[in-house]
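Architecture and fold: a report
What follows is the residue order along each chain.
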Amino acid sequence: MEKSSSCESLGSQPAAARPPSVDSLSSASTSHSENSVHTKSASVVSSDSISTSADNFSPDLRVLRESNKLAEMEEPPLLPGENIKDMAKDVTYICPFTGAVRGTLTVTNYRLYFKSMERDPPFVLDASLGVISRVEKIGGASSRGENSYGLETVCKGIPNESWRITKINERYELCDTYPALLVVPANIPDEELKRVASFRSRGRIPVLSWIHPESQATITRCSQPMVGVSGKRSKEDEKYLQAIMDSNAQSHKIFIFDARPSVNAVANKAKGGGYESEDAYQNAELVFLDIHNIHVMRESLRKLKEIVYPNIEETHWLSNLESTHWLEHIKLILAGALRIADKVESGKTSVIVHCSDGWDRTAQLTSLAMLMLDGYYRSIRGFEVLVEKEWLSFGHRFQLRLGHGDKNHADADRSPVFLQFIDCVWQMTRQFPTAFEFNEYFLITILDHLYSCLFGTFLCNSEHQRGKENLPKRTVSLWSYINSQLEDFTNPLYGSYSNHVLYPVASMRHLELWVGYYVRWNPRMKPQEPIHNRYKELLAKRAELQKKVEELQREISNRSTSSSERASSPAQCVTPVQTVV
Amino acid sequence: MWWGGRGQSFNIAPQKAEPDMGLSGPKSVQRTGMLESRSCQLGSHLASGCLPGEQILAWAPGVRKGLEPELPGTLICTNLRVTFQPCGWQRSQETPLSSEYDFVLVNIGRLEAVSGLSRVQLLRPGSPLKFTPEEILIHGRDFRLLRVAFEAGGLEPQAFQVTMAIVRARAQSSQAQQYAGISLSKAGQSSGSRKPPVPLLETSEDWETERKKQGAGGWRVSPVNERFDVATSLPRYFWVPKRTLDSEVRRAFGHFHQGRGPRLSWHHPGGSDLLRCGGFYTASDPNKEDIRAVESMLQAGHSDIVLVDTVDELPSLTDVQLAHLKLRALCLPDSSAAEEKWLSALEGTRWLDYVRSCLRKASDISVLVTSRVRSVVLQERGDRDFNGLLSSLVQLLSAPEARTLLGFQSLVQREWVAAGHPFLTRLGVTGASEEAPVFLLFLDCVWQLLQQFPAEFEFSEFFLLALHDSARVPDTLTFLRDTPWERGKQSGQGTPNSLLGTPLTHSCLSGTGIYATTVNRYYNSITLAMTRNTAQIPGSLDSSQTSWFLDPPVLCGSSPEGL
């Protein structure tokens, strides 16, 4: 990925919220440059969500009106463009850990802010409105919240003789949840793509996610076929899958990984969906990965929240954790991705991955498998590309899953799908501490800004929508922010084993609860000692040693070759240490 | 293939070229001399792996089963250990510590022979083995399981022989005497030549140096136990209040269980002291003078002290042993615990519960000693188990010095080795009933601290692992005696006295590149005392995965688990 073109807008805090009127925005003519992340400053949250939350919020809180002197000191620091919507003095915040605190509650167009000078140091609760999942009659507790924007990347080395880039979806007419550019088998003309699209749920045809640089085995992703109860078939779809298989000369088989439990896949037939029958698809083997749907996952996270907040029951911690099944779900996802990666790497076989719509479990599986297979995605920039590509451009419905700006906190479409993916990545970093360029803080930052709404990255449901809202022009990308201060996110132990395939162990015995994320708000679970500064010191030390190595190498080459002209450059490429930018 | 935390001290080369190993971790696994062909003739290369005084009793070709990949090799029984030597692999001369396939005889917890469907436990040399075993299962006390299938085709007698040899050798080894004078080659050679960097606390100078280091001005080194006539389980020297005469010490100590009266463990720079002592001797009838002596020793110049009943809130020895057995059963490779029940099964062992109660108690005491500047006396009837554990933990929590590599070794030497923790009995070597791995519980506590304070410790978890494994290897006397007195009988005979001194950390490990892995990359030497709200919540306790499992994540080269 090239350096972002618009870093100038980055270091500064994102600019103001100018509530956009949704309709007036220009249409989808955003330019997708293939290999860049770009950003422009602009609005932060949609006006919609702001007004809703603010209106709902203040009247419901217990407000005790009295005189105030401290109030001025209890106002929040404002971001550019942020303004105070309402303020209530002498509000009592009932903290689950330390009891009641009195202070001033301020609601701005961006955040909910509570500050009390009663305590030393002052007690502050600062939550962006996006974090608020629901407001109830009593108490102003906050929990998780919601959503921001994107761009796109296409595989390296494409087009080649078997694969081509098509612009059939330029206007998002083939599939409005797919990106404008798609990679499809070279010998399938655009006309046929349309017919394949009509057989795939929501027109999400199989498209290329990743191609093995040597074996040409591929990972393609799609949605379920519209088989239905009657067992419909589509000649075009069958031919299409055959073309995918043929593009890989190493194998005469293709694996279709259906992320769902087989029961669910069967049940989907009633709704017109289903799965590929092995009769219709010659040479294809269908495997179900038993990963549960978004509702099961949401429920699991809800249980997890219950056992970690506000109180942790010490004696039954582990069995309580087990009863949430959270880690078990994580395990199934990792195990599924592992099978995919293994088929591609060891079996040199191409795989097709889908679930029902191909935007939740499918995204988890393909992106994790790509992390295992390709060291590029384990770098910071590579990971950004991975998220942009597998999640944002292929239409993971961030808006719907997070529910930013939606009053209905109980909406059945909410689900921690992306969170699960990041959790899986974290589990991998635990098992391979030197294989990832980024650190834990990077992952936490991504998750935090999923809800902060400070960046446009995770707003909206698809590339199409983001284009319509003109988000790339009006918001800053999270990646720009991250790339402008890489040292905070760099793992000092990174060893760049980019050519190695990682096979994490997907076993309960090796998975851990990500306490640093899920339980971090519990004061008793505060990191005893953040090692963040230590990371930076190690990075500085490494850079220093790196420099020394270069100097010494230069010295050697100066000595060995007496001619002065060759003395300058060769040292660099031999350097054994990974350069820290 | 990465052989996990344990195989590092033994350089193992796989038979066929595999992708680079060890990339996932900090370890530098070396590969050395690869023998080209499989030689069933044991010949010189087998013997060359022997230690001084070690003899091969029997051997048989076989295949290591149970873990992928299966490995052909040779099962060898010597008078010291049972070892499986994979074909084409050669023991490195640089690493005398045990390998993944070495089972010191005393480490063998259970032996089973399998033939067809029958599975027999082998107990005594007398019990007849009615069939030629097809397979032998060796369960280690240290969470390992070695499963070897013998080759058929004319070699059955050898299989029978080696099995019987193991049974016999093991029976003989349970008489602990046989350790006398046995030492592993390298470790033995280097210790005599120079003074170990870790004081072994066998001379009064060592104690004096240590006392000065702690700035314990109100204390002196008492030689009253020089002949072990006050207590055989106490060291020759220990610290007593400056103003107390040796005669008073002798008089006072007589009223404590096994003569273990109050002694200084650690002096806090703020002025408070941490003492430990045994329980009062119930049958004693102290006169006035004796009472005064006891009081003055307990108070040691402080106006008031806190007497902590050590066993209160802590697990009993039986609890610890039971939890450890359950944990071991759970973590063995053939554990039947269902994957989805793993967490509750782990909880069910209560091991982590006990770790938590130890840490909590230690952190409470640490607050007393440091922030409140109160002197604390730890009292446990025997004064040889949890007193040492608590006292060590309190020091780890409160004294940055104890968290360095040398500081920690010196701490273990002082609070465990010199203080007479009955290692042999507790680790089950003597076969006595009081087996309870208190020391391993302590190591797990330290590991938990390491997880919570990654930048506060100079050593890494691999160092703890090395200690854990060494506790059962008869290479030094450190962990192979119950009392300083017994240990003292052996020293001076050319046997290295301490694993904690030169041998482990400086000679053996640095020779193999393992030294590097025992040092913690995150260690930040500048920081001072640790926050003390340590380990209150089980959520913050990890299951010590590296130490209890041997199947780590793999990079390329072997198929992923769960396929």
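Residues numbered from 1 in each chain as written. Chains lettered and ligands numbered in written order. Predicted model: local features only at pLDDT ≥ 70, side-chain atom pairs only at ≥ 80, totals over all residues. Heavy atoms only, no water.

1. Quick look at the overall build of chain A
Helix and strand content of chain A: 18 helices and 12 strands. When each of the 581 residues of chain A is scored for burial, the buried share is 59%. For chain A, the exposed surface amounts to about 23900 Å²; the carbon and sulfur share of it is 50%. (Helix = DSSP H or I, 4+ residues; strand = E, 2+ residues; numbered from the N terminus. Buried < 20%, exposed > 50% of the residue type's maximum accessible area, 1.4 Å probe, protein only. Areas by Shrake-Rupley, 256 points an atom, 1.4 Å probe, with all protein chains shown as cover.)

2. Details of the nonpolar core
With 162 residues, the main nonpolar core has Phe 383 and Phe 418 of chain A together with Leu 393, Phe 408 and Phe 442 of chain B as its most contacted residues. In this structure Phe 408 of chain B touches Leu 396, Glu 401, Ala 402, Phe 442, Val 446, Phe 459, Phe 463, Leu 464 and Leu 467 of chain B, once residues within four positions along its chain are discounted. In this structure, Leu 174, Leu 182, Ala 243 and Ala 280 of chain A belong to the second largest nonpolar core, which totals 34 residues. (Core = buried A, V, L, I, M, F, W, Y, C linked by side-chain atoms within 4.5 Å. Contact = heavy atoms within 4.5 Å.)

3. Brief notes about the sheet that holds strand S8 (residues 145-150) of chain B
Residue and element names in this part refer to chain B. As summarised here, the arrangement of the 8 strands in space is S4-S3-S2-S1-S8-S7-S5-S6, forming an open sheet in which the pairing is antiparallel. The open sheet has two free edges, formed respectively by strand S4 (102-104) and strand S6 (118-121), since each of these has just one partner strand. When strand polarity is set aside, the average angle formed by the axes of neighbouring strands in this sheet is 30 degrees. As defined by bridge partners, strand S5 (residues 108-115) adjoins S6 across 4 bridges and the pair is classed as antiparallel. Opposite Ala 113, over in S6, you have Val 120 as the bridge partner. (Pairing = 2+ DSSP bridges. Axes fitted to C-alpha atoms, helices over the stretch in contact; angles between N-to-C directions.)

4. Considerations on the side chain of Thr 78 of chain B
Residue and element names in this part refer to chain B. Looking at the element boundaries, Thr 78 is found in strand S2 (residues 71-78). Taking the relative accessible area as the measure of exposure, Thr 78 reaches 2% and is therefore buried. A distance of 2.9 Å separates the side chain of Thr 78 from the backbone nitrogen of Leu 80, its partner in a polar contact. Excluding residues within four positions of it along the chain, Thr 78 makes contact with Glu 54, Gln 55, Ile 56, Leu 57, Leu 105 and Ala 169. (Polar contact = N/O pair within 3.5 Å; in protein donor to acceptor, adjacent residues only side chain to side chain.)

5. Quick notes on the confidence of the model for chain A
Predicted coordinates in regions of low pLDDT should not be interpreted in detail. Residue and element names in this part refer to chain A. Taken as a whole, chain A shows an average pLDDT of 80; of its residues, 78% reach a score of 70 or greater. Between residues 1-70, whose pLDDT stays under 50, and residues either more than four places distant or in other chains, the model counts 150 contacts. Considering only residues more than four positions removed or in separate chains, one finds that residues 566-581, a stretch of pLDDT under 50, has 26 contacts. (pLDDT = per-residue confidence, 0-100.)

6. Re the packing of aromatic side chains
Applying the stated criterion across every chain yields a total of 38 aromatic pairs over all chains. Here Phe 398 of chain A and Phe 418 of chain A contribute two aromatic rings whose centre-to-centre distance is 5.1 Å and whose plane-to-plane angle is 70 degrees, an arrangement assigned as edge-to-face. One end of the pair, Phe 398 of chain A, is in helix H10 (residues 398-402); the other, Phe 418 of chain A, is in helix H11 (residues 417-431), and 20 residues separate them in sequence. We note that Phe 398 of chain A, like Phe 418 of chain A, is buried. With a centroid separation of 5.3 Å and an interplanar angle of 15 degrees, the aromatic rings of Phe 238 of chain B and Phe 253 of chain B are classed as stacked. With Phe 238 of chain B in strand S10 (residues 238-241) and Phe 253 of chain B in helix H5 (residues 246-253), this pair connects stretches of sequence that are 15 residues apart. (Phe/Tyr/Trp six-rings, centres within 6.5 Å; stacked < 30°, edge-to-face > 60°.)

7. Section: the packing of helix H5 (residues 294-308) of chain A against helix H6 (residues 317-324) of chain A
All names here are of chain A. It is at 8 Å that the axes of H5 and H6 come closest, and there the two elements cross at 160 degrees. By the angle between their axes, H5 is roughly antiparallel relative to H6. As H5 runs across H6, the sense of the crossing is right-handed. Residue-level inspection shows Ser 300, Lys 303, Leu 304, Ile 307 and Val 308 of H5 in contact with H6, the latter providing Trp 317, Asn 320, Leu 321, Ser 323 and Thr 324. A per-class count over the contact of H5 with H6 returns 5 nonpolar, 4 polar and 1 charged. (Parallel < 35°, antiparallel > 145°, perpendicular 65-115°, else oblique. Left-handed = near helix turned anticlockwise from the far one by under 90°. Nonpolar A, V, L, I, M, F, W, Y, C, P; charged D, E, K, R; others polar.)

8. With respect to helix H8 (residues 361-373) of chain A
End to end, H8 of chain A covers 18 Å across 13 residues, agreeing with the expected 18 Å (1.5 Å per residue, within 8%). Of all 13 residues making up H8 of chain A, 13 are buried, and the element is well covered by its neighbours. (Expected span 1.5 Å × (residues − 1).)

9. Points about the pattern of salt bridges
Residues and elements named next belong to chain B. According to the stated counting rule, one finds 51 salt bridges over all chains in the structure shown. Of the charged contacts, one joins Asp 385 and Arg 426 as a salt bridge, the two residues approaching to 2.7 Å between their closest N and O atoms. Of this pair, Asp 385 sits in the loop between strand S14 (375-379) and helix H10 (386-398) while Arg 426 sits in helix H12 (residues 423-426), placing them 41 residues apart in sequence. Classification of Asp 385 by relative accessible area gives buried; the value is 5%. A single network of salt bridges, built from pairs that share partners, joins Glu 210, Lys 213, Arg 260, Arg 263, Arg 276, Asp 383, Arg 414 and Glu 415. (Salt bridge = Lys/Arg side-chain N within 4 Å of Asp/Glu carboxyl O.)

10. A short note on the packing of helix H9 (residues 380-393) of chain A against H11 of chain A
Residues and elements named next belong to chain A. Axis separation between H9 and H11 bottoms out at 13 Å; the angle between their running directions is 145 degrees. In this structure, H9 meets H11 at a crossing whose hand is right-handed. For the pair H9 and H11, the contacting residues are Phe 383, Leu 386, Val 387 and Trp 391 in the first and Val 417, Phe 418, Phe 421, Ile 422 and Val 425 in the second. Looking at the contact of H9 with H11 residue by residue, the classes come out as 9 nonpolar, no polar and no charged.

11. Let's talk about the sheet that holds S14 of chain B
Residue and element names in this part refer to chain B. Here 4 strands make up an open sheet; going across it, the order is S11-S12-S14-S13 and the pairing mixed. Only two strands of the sheet have a single partner each, and these edge strands are strand S11 (263-267) and strand S13 (305-309). On average, adjacent strands in this sheet sit at an angle of 25 degrees to one another, irrespective of strand direction. Two elements, S13 and S14, share 5 bridges in a ladder whose sense is parallel. Note that in S14 the partner of Asp 309 across the bridge is Gln 379.

12. Re the environment of Val 101 of chain A
Residue and element names in this part refer to chain A. Considering the arrangement of structural elements, one finds Val 101 in strand S2 (residues 99-108). When its relative accessible area of 1% is taken as the criterion, Val 101 is described as buried. Separated by 13 residues in sequence, Val 101 and Phe 114 place their C-alpha atoms 9.9 Å apart.

13. What to know about the side chain of His 421 of chain B
Residue and element names in this part refer to chain B. In this fold, His 421 is placed in the loop between helix H11 (405-418) and H12. Using a relative accessible area of 1% as the deciding quantity, one classes His 421 as buried. A distance of 2.8 Å separates a polar atom in the side chain of His 421 from the backbone oxygen of Arg 384. When neighbours within four sequence positions are excluded, His 421 is seen to be in contact with Arg 384, Asp 385, Trp 416, Arg 426, Val 438, Phe 439, Arg 481 and Asp 482.

14. Points about the environment of Thr 177 of chain A
All names here are of chain A. Along the chain, Thr 177 turns up in the loop between strand S5 (163-166) and strand S6 (182-185). We classify Thr 177 as buried; its relative accessible area is 9%. It is 24 Å that separates the C-alpha atoms of Thr 177 and Lys 235, two residues lying 58 residues apart in sequence. Other than its neighbours up to four places away in sequence, Thr 177 contacts Arg 204, Trp 359, Ser 393, Phe 394, Gly 395 and Ser 462.

15. A short note on unusual backbone geometry
Positive phi, close to 60 degrees, is recorded for Asp 290 of chain A, a residue that is not glycine. In this structure, Asp 290 of chain A sits in the loop between strand S10 (284-288) and H5. Although it is not a glycine, Arg 350 of chain B sits at a positive phi angle of roughly 65 degrees. Within the secondary structure, Arg 350 of chain B sits in the loop between helix H8 (342-349) and helix H9 (351-370). Overall, the relative accessible area of 41% leaves Arg 350 of chain B in the partly exposed class.

16. Some points on the state of the cysteines
Residue and element names in this part refer to chain A. One pass over the full model with this rule turns up 0 disulfides over all chains. Distance from the sulfur of Cys 460, which forms no disulfide, to the nearest cysteine sulfur (Cys 453) is 11 Å. For Cys 460, a relative accessible area of 9% puts it in the buried group. (Disulfide = S-S within 2.5 Å.)

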